[in-house]
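Survey of secondary and tertiary structure
Below are the chains, spelled out letter by letter.
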Amino acid sequence: MRKILLLLLLPVFSLSHGQGRHKLDSLLNLLTNNHSNRQDTVKVRILYQVASEYSWLFNDSANVYARAGLQLAEQIGDKYGEALCLYRIGGGVAGYNGNMGDLVKALKIFEQFDDKSHVAAVLDVIAGHYYNMERFDQALIYFERALGENEKIKDAFNTARTRSNLGETYGKLGNFSKALEYEIPVLQYFEKNGPIDRTGITLSNIGNAYLGLRDYNKALVYASASVRLFQSLHEDNYKLAFALSDMGHIYFTAANDNITRLHPDSLLAANRQQNLAKAIYYYTEAHHVHERNPHFIPTNIALRLANALAATGQYEQAFHYYREHDALKDSLISEDTRLKVSAAETRREADLKDRQIAINKVQEAGTKRDRWLYGIGLCLLGLVAALVWRNYISQKQANKRLGQEKEKADALAANLQESLVQKDALTAELSHAADMKTRFLANISHELRTPVTLLSGMMELMKDRTDNKDQQLDIAYNNSRKLQYMVEEILDLSRLETSEAKMNLDNREIAPLLNRMVHAFETFIAKENLSLNYREAGTHGVCVSVDERMLEKVVNNLVYNAIKFNEPGGWIKASALLSDDGKEFIFMIANSGAGIKGEDLPHVFERFYQGNTNTPKAEGVGIGLSLVQEFTLLMGGTVDVTSSRDLGTAFTLRFPVVSQAVQQPAVDHVITELPDKAWEQFASKQTVLIVEDNAEMRYYLREVLSGKVDLAEACNGRDALDWLKENKADLVITDLMMPEMNGEELITHLKNSDAHKKIPLITLTALADTKNQLNLLRLGIDDYIVKPFHAPELRARVYNLLYNQEERRRFETTPAEPDDISVESAEAQTFREQVTVFVLKRLRTMEVSVYDLAYELNMSERQLYRLAKNLTGCTPAQLVKEVRLQKAYELLLGGTIHKLTDVTKQVGFENPNYFARQFYERFGKRPTDFF
């Protein structure tokens with residue numbers, strides 16, 4: 001890779017050689033003219049500048065001058081000059097070929113002088129070393145530090161360049177989403193400020209990132225933009241070649257991707273052969289570039305072209321380019337050798353010229369000196385000789401001492417480098433251990449969702465069926481809810497670790513929110529024989545930018561801890577006030593407990609830390625206060641704690657005050673349970689098959705659906721298929737993880753069976769992330785429920801699927817009139833897709849009339865009504881509402897919307913309350929449950 005980079009840089013060197021050589025000659029003349037033997041900082045700077053100019057020509061001479069400058073800087077105690085020369089020695093030629101130890105020493109000195117510009121430059125070079133060693137995790141650390149220094153000094157260009165390095169490094173690690181986060185802002189900067197070729201390179205990098213994400217359409221958009229830009233720069237032929245090669249590689253990769261799915265606006269061709277043909281076209285165009293640019297050797301392009309030709313069966317041509325690829329590799333080696341010989345010759349010529357300049361200067365100085373010393377007798381000659389000999393002996397001894405000191409310094413640098421490597425390895429091990437601990441807790445939490453569902457659900461059913469209050473049942477139910485809360489805490493922690501925590505910041509009047517959150521514990525506080533004192537001072541109308549869901553978790557943790565670590569008869573005080581300058585909102589929770597021990601106080605916000613306490617109620621896993629701190633920081637606030645045995649413990653939150661609040665419309669969240677009489681409208685009692693290997697879960701599902709439908713049970717997918725051979729089911733509820741045949745295999749069998757493919761399917765899953773849920777929908781299921789779930793949610797979803805299935809059967813058996821469109825015709829098969837496309841195009845429109853839909857589908861309103869009934873069991877209006885609700889569910893599932901009014905408007909509903917009711921009736925879940 002470095003050889004190819006040097007070959008690409010040859011045109012740049014050839015263009016700048018004349019100007020650089022002229023500057024180098026001037027510096028050498030200045031260095032030679034300094035014959036006063038002054039060993040000062042000026043000479044160190046000149047040596048550094050000479051080394052810098054030589055670094056673009058040949059590295060050996062650069063190192064000679066840089067080490068001479070380093071030696072002189074050490075002699076005179078010039079630490080800054082020493083750092084400059086170490087930076088040049090460690091940096092190498094045209095990028096990262098130097099010594100890491102020299103760079104580390106230079107970095108420390110620049111930090112002492114607070115030279116942020118050079119600190120950023122050294123950090124960037126160190127990161128490049130790690131990048132070339134393919135230690136990309138370490139490269140990320142140093143690139144991040146370099147980015148921070150560049151941002152401090154507001155160096156826009158180097159900030160953009162370092163962000164581009166970070167994006168490329170994340171791409172090497174396979175984190176293409178993170179790579180895009182860095183590359184896209186960089187693209188905007190270069191598009192605005194230039195240079196143009198950097199814009200083209202960034203476009204190509206973004207295309208490669210989207211290629212890694214298998215988003216071929218976006219990859220082609222950015223790659224084609226890069227090609228167009230480089231085509232406008234006629235002198236950058238080799239960059240155009242790489243852009244064309246990237247275009248071909250996208251088509252080639254897409255052609256070999258078995259699960260590539262085209263969508264209407266896709267830039268890919270319709271089939272594999274056409275995509276391969278496009279790949280060959282772009283590879284060929286890239287290969288032709290070297291005919292116009294002799295400095296460019298397209299080894300990788302020849303190999304790509306050969307692979308594409310071989311994939312289309314053109315083996316003879318492919319063999320030709322394979323041979324060309326091997327020949328080009330050999331020529332690169334030969335070219336590298338030639339460059340080394342040429343560099344040696346250039347270095348020899350430069351050294352000869354330097355000697356000649358020195359000789360000329362000495363001769364000129366000798367002539368002048370002879371004029372002044374001509375009349376001096378031979379007696380002074382002996383004295384001069386003695387002085388010269390003495391100076392020679394002193395210099396020899398000084399050089400010997402410098403050599404010894406240098407050996408010690410090199411040994412110290414080697415030890416320091418070894419220590420840094422050991423430190424990096426230890427840091428990586430500790431980070432890996434922490435990640436494993438978090439993943440373990442997250443996995444355990446997912447496993448706990450099933451028993452939590454059973455505990456909470458069964459006790460909720462028992463409470464609903466019990467007329468009188470059972471204290472033991474209340475205790476059990478409260479503890480099951482507490483267990484669920486702890487599971488959610490661990491899942492919140494895992495989301496923070498994987499950067500999946502979503503925020504919805506709003507400018508809200510903060511005091512009413514906190515008042516409601518604190519007084520929600522009023523009954524609990526009274527039950528524990530504690531007193532609550534809530535005080536507000538001057539906070540009316542004060543607005544803060546917060547995420548209400550995160551803020552509630554923070555306040556709940558603090559209030560619950562104030563209760564837990566307290567004694568009967570104690571007090572809890574909550575205060576809301578403004579800082580003296582009015583710029584900060586302060587919220588304080590204090591209690592009269594025994595306080596936190598001094599040795600525990602610095603660690604209270606650390607994850608999994610639990611201090612030594614004898615409090616019986618001090619159970620937990622040490623996550624709550626860690627989440628308090630991290631959520632507070634995410635919202636732009638701070639939290640601190642003070643504690644003493646006499647005054648108790650106080651947690652203080654501080655948030656910056658903002659100007660005004662966003663008015664939130666009042667929403668009616670009162671939604672009623674599905675009535676029992678709704679189940680009586682079916683012509684016969686529906687049969688539901690439960691496929692679940694957990695006997696307790698089967699029992700719970702029987703309790704939820706008992707009396708509503710007839711139930712059958714199977715322990716796994718194999719037993720379910722055997723049961724269906726002899727029996728008929730109106731709906732199947734299946735778990736995913738089961739022995740012998742799991743849920744995914746069962747779904748695949750049913751959807752591929754003519755006899756069973758129309759049976760509605762509901763899956764039960766503990767995987768709540770979007771990726772797994774969308775994967776279930778792609779399998780062809782009708783609905784899914786995430787554990788833990790509530791009984792009303794399950795009943796509502798089962799009822800809706802059974803009702804829709806019954807409607808389809810009813811209208812499929814209704815005799816069609818002569819002018820009806822056949823359900824089996826091509827027009828009828830595409831009806832659903834046409835209606836969906838039409839509604840999605842007008843999704844934000846509140847009213848979509850039957851007339852508009854009929855006009856769009858080129859049929860009468862009567863035909864539209866009958867066809868909709870035959871296919872879906874719904875009227876056109878009901879079908880439009882179904883498309884809107886399904887789109888709303890998709891948006892809420894994506895986690896990007898956190899306001900009921902927002903999702904209501906986006907799917908075309910006018911009233912949020914009406915939308916919430918319709919959504920609950922369809923899915924058995926409130927829209928706010930997704931926030």
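We now turn to the structure provided with this report.

The rules behind these values
Residues numbered from 1 in each chain as written. Predicted model: local features only at pLDDT ≥ 70, side-chain atom pairs only at ≥ 80, totals over all residues. Heavy atoms only, no water. Helix = DSSP H or I, 4+ residues; strand = E, 2+ residues; numbered from the N terminus. Buried < 20%, exposed > 50% of the residue type's maximum accessible area, 1.4 Å probe, protein only. Contact = heavy atoms within 4.5 Å. Areas by Shrake-Rupley, 256 points an atom, 1.4 Å probe, with all protein chains shown as cover. Axes fitted to C-alpha atoms, helices over the stretch in contact; angles between N-to-C directions. Left-handed = near helix turned anticlockwise from the far one by under 90°. Nonpolar A, V, L, I, M, F, W, Y, C, P; charged D, E, K, R; others polar. Core = buried A, V, L, I, M, F, W, Y, C linked by side-chain atoms within 4.5 Å. Phe/Tyr/Trp six-rings, centres within 6.5 Å; stacked < 30°, edge-to-face > 60°.

**Some details on the overall build of the protein**
Each helix and strand in the protein was counted, giving 34 helices and twelve strands. Looking at the protein as a whole, 44% of its 931 residues qualify as buried. Taking all contacts inside the protein whose residues are at least 6 apart in sequence as the whole, residues at least 24 apart take part in 66%. Here the protein has roughly 50300 Å² of accessible surface; of this, 53% comes from carbon and sulfur atoms.

**Looking at the packing of helix H21 (residues 548-564) against helix H22 (residues 624-634)**
Direction vectors running N to C along H21 and H22 enclose 145°, while the axes themselves pass 9 Å from each other. The interaxial crossing formed by H21 with H22 has left-handed handedness. Between H21, through Met 550, Lys 553, Val 554, Asn 557, Leu 558 and Asn 561, and H22, the contact on the second element is made entirely by Gly 624, Leu 625, Val 628, Phe 631, Thr 632 and Leu 634. A breakdown of the residues in the contact of H21 with H22 according to their chemical character gives seven nonpolar, four polar and one charged.

**Some details on H22**
Taken as a whole, H22 has its buried residues at Gly 624, Leu 625, Ser 626, Leu 627, Val 628, Phe 631 and Thr 632. Following H22 by one or two positions, Gly 636 adopts a phi angle in the positive range, close to 85°.

**Comments concerning unusual backbone geometry**
One non-glycine residue with positive phi stands out, namely Asp 114, at about 55°. Secondary-structure assignment places Asp 114 in the loop between helix H5 (100-112) and helix H6 (116-132).

**Regarding the nonpolar core**
Counting 45 residues, the largest nonpolar core has Tyr 87, Phe 110, Val 122 and Ile 126 as its most contacted members. If you list the elements that add at least two residues to this core, you get helix H2 (41-54), helix H3 (59-76), helix H4 (79-91), H5, H6, helix H7 (136-152), helix H8 (156-172) and helix H9 (176-193). The next biggest cluster of nonpolar side chains, apart from the first, holds 41 residues, and it includes Ala 225, Leu 233, Leu 240 and Ala 255.

**As for the packing of aromatic side chains**
Inspection of every chain in the model, using the stated rule, returns 19 aromatic pairs. Ring geometry for Trp 389 against Tyr 392: centres 5.7 Å apart, planes inclined by 35°, an arrangement best described as tilted. Here Trp 389 and its partner Tyr 392 are both found in helix H17 (residues 379-465), three residues apart, which amounts to about one turn of the helix. Taking the relative accessible area as the measure of exposure, Tyr 392 reaches 45% and is therefore partly exposed. Geometrically, the ring pair formed by Phe 915 and Phe 919 is tilted, given 5.8 Å between the ring centres and 50° between the ring planes.

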